[in-house]
Amino acid sequence: MKGRSYKRWEDTRLYVDTYELIKAVHSVIYDFPKKDRVVLGDKIHDKATSMLAHAGMAYKLSDRRKEEIDLFICDFEVFNYAFVVFSPKPREIFATSMETRIVHHYLDWRLRPIYERVLSPISFNNRKGMGQHAAVETFRRFVREESENYTRDAWIIHLDFKGYFPNADVEVAFKQQKSLIERFYNGPDKEDLIYMMDVSLHADPARHCNVFVPRENWNLIAPEKSLFNKPIGVGGAIGFLVWQNAMGLYINKITRWLNEELGFKMVVFVDDVFVVTKRKEEFLNLMPEIRRRLAAINVKFNERKFYCQHYSKGAMVLGAMCKFDRCYLNRNTCKKGVATIKKMKSWHINEHNVNRVLASINCYTGMAKKKNNYKQLMEYKELGLKFFGKFMAWNEKKQCFNLLPRYSFKNVLKRQYRLTI
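The rules behind the values
- Residues numbered from 1 in each chain as written.
- Predicted model: local features only at pLDDT ≥ 70, side-chain atom pairs only at ≥ 80, totals over all residues.
- Heavy atoms only, no water.
- Helix = DSSP H or I, 4+ residues; strand = E, 2+ residues; numbered from the N terminus.
- Buried < 20%, exposed > 50% of the residue type's maximum accessible area, 1.4 Å probe, protein only.
- Contact = heavy atoms within 4.5 Å.
- Expected span 1.5 Å × (residues − 1).
- Phe/Tyr/Trp six-rings, centres within 6.5 Å; stacked < 30°, edge-to-face > 60°.
- Lys NZ or Arg CZ within 6 Å of the ring centre and 35° of its normal.
- Patch = residues over 30% accessible without salt bridge, like charges linked within 9 Å, V, L, I, M, F, W, Y side chains within 5 Å.
- Areas by Shrake-Rupley, 256 points an atom, 1.4 Å probe, with all protein chains shown as cover.
- Salt bridge = Lys/Arg side-chain N within 4 Å of Asp/Glu carboxyl O.
- Lys, Arg positive; Asp, Glu negative; His and termini not counted.
- Charge placed at Lys NZ, Arg CZ, Asp CG, Glu CD.
- Axes fitted to C-alpha atoms, helices over the stretch in contact; angles between N-to-C directions.
- Parallel < 35°, antiparallel > 145°, perpendicular 65-115°, else oblique.
- Left-handed = near helix turned anticlockwise from the far one by under 90°.
- Nonpolar A, V, L, I, M, F, W, Y, C, P; charged D, E, K, R; others polar.

## Section: the overall build of the chain
Piece 1. Along the chain, the regular secondary structure elements total 15 helices and twelve strands.
Piece 2. For the chain, the residues scored as buried account for 47% of the 421 residues in total.
Piece 3. If you take every contact in the chain between residues at least 6 apart in sequence, the share linking residues at least 24 apart comes to 69%.

Structural data, given as structure tokens:
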């Protein structure tokens, strides 16, 4: 189902199974207690079938699907697992099963229009049409505007929050989401959404998960940044979509107050806030009030990452060095791109996995061409043609790699299954 549009689930037979599973899991978890094992299967069957019939589909749950849902309800804790990623720095991640992810995506599907309406226009994470590149470009535009095209003084103030996800207050996050649903959502499943949000945010995955990686990996993470060291009711799980959305809204009132009421130009990306202003003294005088408002939701500044400097010194913004009208990739990113391409040359490349190589190389060429990294872009081009020229060619117009016609997805399918397309 990856990459498919949610809106097609209700009117296309191809997505019946996923749509049916959403409704079935939804109804089981939030309408029937676990102890009702005898009537559980019939309840799922009846409710899901009626919902599908309302959507114009005649479909019945299979016995296998009933068993999967039943297992999911009764053995919930085995579907969560934790691990540590090491790039760009060690970080604790929680993942869960497809069944739980469907619930998270169901919430996102229903609430996404409300998020887009409520979130500040200067918040760029977890939003369609936004993202890292848009945040960097908006920051550069603010610098040009505040400095009047680099002719007047302006300052860049960077604010970072200490343990933004691990120290999140679950009750505060739930109350924010509940208030949002009650005020703006008018669908017939309003109460269901509130209950789904309650269960999802209070899941406490640190106490209901398996760990399949060495415990020594957690030695690389500061103890205060791990949910395993937090009391119940504290901490958001990085990796859960429901928490990614919740933390995007967590400081929204404060950022809107600074941006819309006080008129400060700023860019917000999760726990990174970049303020560009000519009114440096006014903003610094507001710091005690900002701290007071953040303390009310259990958020603290990371004082070590705070800085206030003239725009002419440049600033590292979300992995990009911005200075005047120039913008460069972080050196570590450039080096990692070269290392990744050289590492892939040792793989056994064939027509079935060459798409993975193409996506990885184009990821780095895409970042380089959006910044002023022409030299780095040419290095990626040279290495790509040297190691993988048998499979791909350089597209000079788009500044990226394309697969040769022989290795296109369509032609690979034709050879593999002897099709005539």
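Okay, back to it.
## A word on helix α6 (residues 170-184)
Piece 1. Given a rise of 1.5 Å per residue, 15 residues ought to cover 21 Å, and the 21 Å separating the end C-alpha atoms of α6 matches this to within 8%.
Piece 2. Packing partners of the buried residues in α6 comprise α4 (98-118), α7 (190-201) and α8 (241-250).

## Structural notes on the packing of aromatic side chains
Piece 1. All chains considered together, the criterion is met by 17 aromatic pairs.
Piece 2. Considering the side-chain rings of Phe139 and Phe274, the 5.9 Å spacing of their centres and the 70° angle between planes classify their relative orientation as edge-to-face. Note that Phe139 is positioned in helix α5 (residues 132-146) and Phe274 in strand β6 (residues 272-277), a separation of 135 residues in sequence.
Piece 3. Since its relative accessible area comes to 1%, Phe139 is described here as buried.
Piece 4. The exposure class of Phe274 is buried, given its relative accessible area of 3%.
Piece 5. Pairwise contacts between aromatic rings join Phe161, Tyr164, Phe165, Tyr250 and Phe301 into one cluster.
Piece 6. Stacked on the ring of Trp109, the Lys or Arg Arg110 has its end atom at 4.7 Å from the ring centre.
Piece 7. For Arg293, the ring lying beneath its charged end belongs to Trp257, and the centroid distance is 3.8 Å.

## What to know about a positive patch on the surface
Piece 1. Together, Lys89, Arg91, Lys162, Lys225, Lys300, Arg304 and Lys305 give the surface a local cluster of positive charge.
Piece 2. Tracing the chain through its elements places Lys305 in the loop between α11 (287-295) and β7 (307-310).
Piece 3. Take Lys305: its relative accessible area is 36%, and that puts it in the partly exposed class.

## Let's talk about the packing of α4 against α8
Piece 1. It is at 10 Å that the axes of α4 and α8 come closest, and there the two elements cross at 15°. As far as their axial angle goes, α8 and α4 are roughly parallel. In terms of crossing hand, the pair formed by α4 and α8 is left-handed. On α8, the residues that touch His104, His105, Leu107, Asp108, Arg112, Tyr115 and Val118 of α4 are Leu241, Val242, Asn245 and Leu249.
Piece 2. Along the lines of polarity and charge, the residues of the contact of α4 with α8 split into six nonpolar, three polar and two charged.

## Some thoughts on the pattern of salt bridges
Piece 1. The full count for this structure, using the stated rule, is 17 salt bridges.
Piece 2. The residue Arg141 makes a salt bridge to Glu145 at a minimum N-O spacing of 3.3 Å. Remark: Glu145 and Arg141 occur in helix α5; sequence separation between them is four residues, near one turn of the helix.
Piece 3. When its relative accessible area of 34% is taken as the criterion, Glu145 is described as partly exposed.
Piece 4. Note that Arg291 and Glu303 form a salt bridge whose closest N and O atoms lie 3.0 Å from each other. Highlighted residues: Arg291 in helix α11 and Glu303 in the loop between α11 and β7, separated in sequence by twelve residues.
Piece 5. Judged by its relative accessible area of 46%, Glu303 falls in the partly exposed class.

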